[in-house]
Amino acid sequence: MIPYGRQNISESDIQAVVEVLQSDFLTQGPMVPAFENALAQYCGARHAVAVNSATSALHLACLALGVKPGDRVWTSPITFVASANCALYCGAGVDFVDIDPLTYNLSVECLAEKLRQAERRGCLPKVVIPVHFAGLSCDMEAIHRLSRQYGFKIIEDASHAIGGRYRGEPIGNCRYADIAIFSFHPVKIITTGEGGMALTNDAGLAKKMALLRSHGITREPADMTQAADGPWYYQQIELGFNYRITDIQAALGLSQLNRLDAFVDRRHQLAEIYRQQLAGLPLNWQLQPDDCRSSLHLFVIRLQTSQIGKPHLNVFRQLRDAGIGVNLHYIPVHLQPYYQNLGFKPGDYPQAEQYYAEAITLPLYPDLTESQVLQISGALQENLN
Ligand SMILES: *Cc1c(COP(=O)(O)O)cnc(C)c1O
């Protein structure tokens, strides 16, 4: 089975990990800050806080922005559940903004309309979490303008989007957001096995996230309530977690970062072959606005189901039967049983649900070969004829 995504691990990645294994520190050593600094520099953000997953980063970002019971957090229904769960961890409520049918990102028009209504009813969100779906940036300038007007904070869930650009600048620079989050799960653009990063230009937010990442414990005399009892002394000043990433993982991430641009270039090459091969078939793919360069985490097609003589499910199954590990990103979050139990129901976000009825993720990763792309395109052609 050709998978939909796969990590690329080089000899130098392996060597970087081995060096940490032979060093004094497997965790809380020098590789974590080295990875943080390198990524902050790559993105042009002032601060980076590395953690053990993007899910942890989203949780810490919400906490740092003061999300608490009674608050509301809005995100896209076409995302991984973690983009919404982070608000629930903080005791806040979640709501969704329907997607744009062409970019599959949270629709700025729907956001503007929902904000107008929420203002009237006195239930504006504290935080909005735009998700850069498949690596394509949301229209951050427009969302940022709305944040000024309505007073909400912004966390970019850029789990798909490291290496992508918006208006000529790296995604993750936080020009239009308070915090941006990356994931380093093996299916994402670069990997640390498990891992995540929160970037921000706000020193206070960075400090808060770093504190909560490690139990809420500080060793900074200036942050303590009293003078140290002795050289062993530390204080717990908040209720934090163990969300730390290891030096083993950070070394892998740092080594992968060297190939980030090459990975994204390769994804563009392969996607271009898909677009050439699939042109003319009854399907659509994600619109790529001129001011964005996607990292192309995913290559999603949408079937024009009215033009195709069989159900979406059959097309999907036939591809799997042909040894092609297609996938579906994502089941709309509001349709998950846990969210339906919170009161969401089918029909709430029609564009997201329409998308779900048509979408198929084709394999795309740097080690996929041109001939595999031709094979997959051929199978799809046959399937749709
Ligand atoms: C993968 C992903 C996450 C969670 O990332 P982890 O590092 O696995 O915790 C969150 N949001 C989106 C959009 C993702 O794709």
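Look a little higher up for the structure.
This text gives an overview of the structure that appears in the document. (Residues numbered from 1 in each chain as written. Predicted model: local features only at pLDDT ≥ 70, side-chain atom pairs only at ≥ 80, totals over all residues. Heavy atoms only, no water.)

Thoughts on the site of the ligand
Move 1: Around the ligand, 15 residues are found, and the nearest of them are Thr-55, Asp-157, His-160, Ser-183 and Lys-188.
Move 2: Taking Asp-157, its side chain carries an N or O atom lying 2.8 Å from a nitrogen atom of the ligand.
Move 3: In this structure, Ser-183 approaches the ligand through a side-chain N or O atom, which is 2.8 Å from an oxygen atom.
Move 4: Isolated, the ligand exposes 380 Å² of accessible area, and the fraction of that covered by the protein chains is 93%.
Move 5: At a threshold of 2 Å from the grid points, most atoms of the ligand map onto the second largest pocket.
Move 6: Among the elements of the structure, α3 (54-64) and α4 (82-89) are those that each provide at least two residues to the shell around the ligand.
Move 7: Grouping the constituent residues of the shell around the ligand by class yields 5 nonpolar, 8 polar and 2 charged. (Near = heavy atom within 4 Å. Polar contact = N/O pair within 3.5 Å; in protein donor to acceptor, adjacent residues only side chain to side chain. Areas by Shrake-Rupley, 256 points an atom, 1.4 Å probe, with all protein chains shown as cover. 1 Å grid on protein atoms, 1.4 Å probe; cavity = no way out; pocket = protein on both sides within 12 Å on 5 of 7 lines; lining within 4 Å. Sits in = over half its atoms within 2 Å of the grid points. Helix = DSSP H or I, 4+ residues; strand = E, 2+ residues; numbered from the N terminus. Nonpolar A, V, L, I, M, F, W, Y, C, P; charged D, E, K, R; others polar.)

Focus: the packing of aromatic side chains
Move 1: Counted by the stated rule, this structure contains 15 aromatic pairs.
Move 2: Relative to Tyr-243, the ring of Phe-241 lies with its centre 4.9 Å away and its plane at 10°, an arrangement referred to as stacked.
Move 3: On the accessibility criterion, Tyr-243 (16% relative accessible area) is buried.
Move 4: Joined through ring pairs, the aromatic side chains of Phe-80, Tyr-104, Phe-133, Tyr-330 and Tyr-355 make up one cluster.
Move 5: The cationic tip of Lys-114 hangs over the ring face of Trp-74; the distance from NZ or CZ to the ring centre is 5.3 Å. (Phe/Tyr/Trp six-rings, centres within 6.5 Å; stacked < 30°, edge-to-face > 60°. Buried < 20%, exposed > 50% of the residue type's maximum accessible area, 1.4 Å probe, protein only. Lys NZ or Arg CZ within 6 Å of the ring centre and 35° of its normal.)

A few points about the pairing of strand β9 (residues 196-200)
It is a general feature of regular strands that their side chains alternate between the two faces of the sheet.
Move 1: Most of β9 is tucked away, with 5 of its 5 residues classed as buried.
Move 2: Burial of the side chains of β9 extends over both faces: Gly-196, Ala-198 and Thr-200 are buried on one face and Met-197 and Leu-199 on the other.
Move 3: The pairing of strand β1 (residues 47-51) with β9 spans 5 bridges and is antiparallel. If you follow Ala-48 over to β9, its bridge partner there is Leu-199.
Move 4: Where strand β8 (residues 179-183) meets β9, 4 bridges bridge the pair, whose relative direction is antiparallel. (Pairing = 2+ DSSP bridges.)

Quick look at the sheet that holds strand β15 (residues 359-362)
Move 1: Taken in spatial order, the 3 strands line up as β12-β14-β15 in an open sheet, and their pairing is antiparallel. The strands lining the two open edges of the sheet, one partner per strand, are β12 (283-285) and β15. For this sheet the average axis-to-axis angle between neighbouring strands, irrespective of direction, equals 35°.
Move 2: When β12 meets strand β14 (residues 299-303), the two strands line up antiparallel, connected through 3 bridges. Counterpart to Trp-285 in the pairing with β14 is Ile-301.
Move 3: Contacting β12, β14 and β15, helix α9 (residues 260-278) runs over the sheet at an angle of about 20° to β14. (Axes fitted to C-alpha atoms, helices over the stretch in contact; angles between N-to-C directions. Contact = heavy atoms within 4.5 Å.)

Observations concerning the pattern of salt bridges
Move 1: Taken as a whole and judged by the stated rule, the model has 17 salt bridges.
Move 2: Arg-167 is the salt-bridge partner of Asp-139, the closest N and O atoms lying 4.0 Å from each other. With Asp-139 in the loop between β4 (127-129) and α6 (140-150) and Arg-167 in the loop between β6 (165-166) and β7 (169-170), this pair connects stretches of sequence that are 28 residues apart.
Move 3: By relative accessible area, Asp-139 is classed as partly exposed at 33%. (Salt bridge = Lys/Arg side-chain N within 4 Å of Asp/Glu carboxyl O.)

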